[in-house]
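If you want the building blocks of each chain, they are given just below.
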Amino acid sequence: MSMLSGKTAIAGIGATEFSKDSGRSELQLAAESVLAALNDAGLTPADVDGLVTYTMEKNPETEVARALGMGNITYFGRVNFGGGAPGAVVLQAAMAVATGVADVVVCYRAFNERSGRRFGAGVQDRGTEPSAENAGYAWYTPHGIVTPAQWAAMTARRYMHDSGATTEALGAVAVAARRHAATNPKAWFYERPITLADHAESRWIAEPLRLLDCCQESDGGQALVIVSAERARDLPQKPAIIKAAAQGIAAPTAMMTAYYGDDIGHLEEMTLVADQLWADAQLSPADIPTAIIYDHFTPYVLMQLESFGFCGRGEAKDFVRDGNVELGGRLPINTHGGQLGEAYIHGMNGVAEGVRQIRGTAVNQVANVENTVVTGGAGVPTSGLILGADG
Amino acid sequence: MTSETSSSSLRPPLQASEVAIDDELPPLEIAIDRTFVIAAAIATRDYQDVHHDHEAAVKRGAPDIFLNILTTTGLVNRFVTDWAGPHARINKTAIRLGMPAHPGDTLTFTGTVTESADGVVTVSIDGTTARGSHASGSVTLSLSAVADSGDQR
Amino acid sequence: MSQDEHPGLTREQLDPFAGKSCGPSRQSRDPIAPSDIRSWIDAIGDTNPIYVDDDASMATGRSSVIAPPAMLQVWSMAGLGGTSKSTTQDPRKELFALLDDAGFTSVVATNCEQEYLGDAVPGDWITTSEVIESVSDVKDTGLGRGHFITTVMSFTASPDPLGDGELIGRQRWRLFRFAPKNRGSGGQAGGDSDRPPRPRPAINRDNAFFFEGTLAGELRIQKCDSCGTLRHPPSPACGACQSFDWSTVAMSGRGTIHSFVVNHHPQVPAFDYPLVVALVDLEEGVRFVAEMPDTDREDVAIGLPVEVRYRKQEDDLVMPHFVLAEGSSQ
Ligand SMILES: [Zn+2]
């Protein structure tokens, strides 16, 4: 069991509105969401001494600190690999707090990902500067594999082939997300649920992925405030205790193109994260009444349910049937609507929903949530969290 | 041969007056499973491995084993006589072949009367799965087995 | 492009085949047995009583139960391990060889037509003969360019194995023998000049050997000098033994599809869509991704055999792609 379990908590969450065109700079989105999270925690910018974000984040720590008038920052760090990072930034913050390197660490992620540079537009213009990262793309971009959906579709096809999962199983994930978004006023798809037929009729993006298998592209910002569990108890919000936080890179792991292992439909890095989380929190799937499962592409939700042992290998296609992952089912997932329904903020909005479920303040609140799982992006070097109620 | 249907309970022949152009046949839905594909292939004496051996089918580039054509023809005829009854006599079945049908697929036949004259009826049929058209074409039949063909061997 | 490559066979070449018999007629090995009919109706789910119930069949005006008409060809099927087709001189072999040589290597059955002229009944022996009815001129279809071949089987039935049968039906089969469609992959040297080239790979010290290989028409993969492990994508060291010493070996270029995507959106101007890209298990044991620009999405499946081809993209750059291997069509 890691020394970190139970030592720290998420004491504040804050976000901008989620939209397709924010109408303001990415730095403003970052500053607004950080300030909102601090207000939620009952703290001020002057209290902050740590900042953690993603390597893909374009808003420097210096600029965020300057915009909000923060004082001395004694810890700052970044995590690589895009959507794999939401649990990892919390892990870094928690380690900094637990070791006394910093007392109040803010994690943030903010972008105009829809109105500005869209990830879904592809990396065909990446350039040929001879870095290892660019050389890695040499096996895909010249062949027309340039977008996250295309990278994901290759793995998804093989997973579906091996597990027998059909379009209907993918549809069940999309329907659940949109049902939850439909009752979440913050969600882009508020009051716009879909049916399995809508899903099956939506246009191809990269077969076997349809439009409604793919998350949105969004403008917005989300921030989290991490302090010690002890300090969190004195702050206004009910603490979401960080019972476990973990990262994972396994032997076959790659950035969306883990095509070379024995079983490419099995997310070894996510299994590595899950095993650490269960061990550190001393919990099992039976203890989890609701979870936030990173939903960039619906097939990866199925794979992650298997990684975490919510169902057996190859059985997720049956597990998601009959509304089992919707409110009222065995394991409602992504009760905020997920990235399919609420917004795509690189998974950070999912961490915030995990916090709300522990506080008991989610719009789609599940009863008696003592513990919840939050996962990072799947098919990439990734991370995850188990958040729990105090005591 | 054992008698399982008493002739008195036999469906009366479908009368020409009961058939009109554009009439739709009751659809026939076949949930295809592995047992069906294999049993039908063997019953039609088709031992090509793609109709019973999953690994061989995959090796040859199919996602799974698939229905053989003689089975499709049998299903088309069944679909039509299910509607027309035992008195009817099929004269000709012509189908165009489309996407293969695999275990897990649901094959749905629909049909429409396109011609009807002197007790001879032509039905256009479509057999589709989620993959697209599996078979389409037409079946010509005489509503009464004796009226038309004169074949009474 | 495919028109120049596959002009098709001439009438002079094709006409001699029309009307030719596909070998001597064949008699069923056994007379029609009620149990065979029973197996068939059980499998097909046909509840028409005229196939199993004499009384019911007679009530419809027939003399007895009849064999299901759709079983017409069943009686002549060779059965497990059957060899009926290969023992005799069959002009189809000659025709197919001619078509193969002309580049029409793929085959698909397109039509099946059965005409029922009389009823077969239990106890009947069925005799089958087959002729080539016609071979079409070269046609362009969605699948590609090729020739349609139509054959007609005739079936006679007789209660006496030595007796002259009565014609009970015909079956007309149409096959399409074709060269899969070339969809004009863009971005090639000599291709249309408005079109931007495909994205160039970033080439560095670790992967340059690969692109030197494609210039030489080889698919080169790294091999550890110390332990012999093949590795792809390239790496400066061997994960199995940590050796930094390596050389390359040329792959055969043959493999099978492990997975594939069909890209629809977004559309990068350098490519034609829908675009098939495959993850291929090379027969030497490493996996490799490449596009299949000349392959229709309907023709691709996991497990299909493929072969590598090369395309000059720029003066100093040749890129590999895959095509379906011969004989892999359903
Ligand atoms: Zn080695």
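In what follows, the structure referred to is the one given above.
Keep in mind the model is a prediction, meaning the values are calculated, not measured.

Draft legend 1. Spatial organisation of the coordination of the zinc ion. Residues and elements named next belong to chain C. Protein coordination at the zinc ion: the donors are Cys224 (SG), Cys227 (SG), Cys238 (SG) and Cys241 (SG), at 2.2 to 2.3 Å from the metal. Each of the four donor atoms bound to the zinc ion contributes to angles spanning 99 to 116 degrees, and the resulting shape is tetrahedral. Motif for the zinc ion, donor spacing along one chain: C-x2-C-x10-C-x2-C. Here Cys227 is found in the loop between strand 7 (220-224) and strand 8 (230-231), whereas its partner Cys241 is found in the loop between strand 8 and strand 9 (246-250), with 14 residues between them in sequence.

Draft legend 2. Structural detail: the interface of chain B and chain C. Contact with chain B, which involves 51 residues of that partner, is made by 59 residues of chain C. Between chain B and chain C, the buried area comes to about 4,500 Å², and carbon and sulfur atoms account for 53% of it. Its salt-bridge partner being Asp119 of chain C, residue Arg89 of chain B comes within 3.4 Å of it at the nearest N-O pair. Linking chain B with chain C are twelve residue pairs in polar contact (both at pLDDT 80 or more), by the criterion used here.

Draft legend 3. Spatial organisation of the interface of chain A and chain C. Taken together, the 37 residues of chain A in the interface contact 37 residues of chain C. Both faces combined, the contact of chain A with chain C buries some 3,200 Å², and carbon together with sulfur accounts for 63% of it. A per-residue breakdown of the area chain A buries against chain C is headed by Trp139, His143 and Met154 of chain A, which together make up 25% of the total. Viewed at the interface, chain C and chain A are joined by one salt bridge. Between Glu207 of chain A and Arg297 of chain C there is a salt bridge; the shortest N-O distance is 2.5 Å. For the pair chain A and chain C, the number of links is 14 residue pairs in polar contact (both at pLDDT 80 or more). Counting residues per element, the ones that place at least two in the side of chain A that touches chain C are helix 4 (132-137), helix 5 (148-163) and strand 5 (204-207) of chain A. Its residues placed into classes, the side of chain A that touches chain C shows 18 nonpolar, 13 polar and six charged.

Draft legend 4. Representation of the sheet that holds strand 2 (residues 50-54) of chain A. All names here are of chain A. Strand order across the open sheet formed by nine strands is 3-2-4-7-1-8-11-10-9, with mixed pairing between neighbours. Strand pairing shows two members of the sheet lacking a second neighbour, strand 3 (75-79) and strand 9 (290-292), which therefore form its edges. Averaged over all neighbouring strand pairs, the angle between strand axes comes to 30 degrees, with direction disregarded. Note: strand 2 against strand 3, five bridges, orientation parallel. Within strand 3, the residue paired with Val52 across the bridge is Gly77. Those strands touched by helix 13 (residues 348-359) are strand 1 (8-15), strand 2, strand 4 (105-112), strand 7 (219-228), strand 8 (240-248), strand 9, strand 10 (371-375) and strand 11 (382-388), and its axis lies near 115 degrees from that of strand 1.

Draft legend 5. Broad picture of the pairing of strand 4 (residues 120-129) of chain B. Residues and elements named next belong to chain B. Bridge count for strand 3 (residues 106-117) against strand 4 is nine bridges, and the pairing is antiparallel. Bridged to Thr112 within strand 4 is Ser124. Connecting strand 3 to the next strand, strand 4, in antiparallel fashion are two residues, including Asp118 with a positive phi near 55 degrees. Relative to strand 5 (residues 132-142), strand 4 runs antiparallel, the two being bridged by ten bridges. Residue pairing across strands places Ile125 opposite Gly137, the latter belonging to strand 5. What sits between the antiparallel neighbours strand 4 and strand 5 is a turn of two residues.

Reading the values: rules and limits
- Residues numbered from 1 in each chain as written.
- Chains lettered and ligands numbered in written order.
- Predicted model: local features only at pLDDT ≥ 70, side-chain atom pairs only at ≥ 80, totals over all residues.
- Heavy atoms only, no water.
- Donors = N, O, S within 2.8 Å, 3.2 Å for Na, K, Ca; no water.
- Tetrahedral: all angles 85-135°; square planar, octahedral: opposite > 155°, others 65-115°.
- Helix = DSSP H or I, 4+ residues; strand = E, 2+ residues; numbered from the N terminus.
- Contact = heavy atoms within 4.5 Å.
- Buried area = accessible area lost by both parts, 1.4 Å probe.
- Salt bridge = Lys/Arg side-chain N within 4 Å of Asp/Glu carboxyl O.
- Polar contact = N/O pair within 3.5 Å; in protein donor to acceptor, adjacent residues only side chain to side chain.
- Nonpolar A, V, L, I, M, F, W, Y, C, P; charged D, E, K, R; others polar.
- Pairing = 2+ DSSP bridges.
- Axes fitted to C-alpha atoms, helices over the stretch in contact; angles between N-to-C directions.

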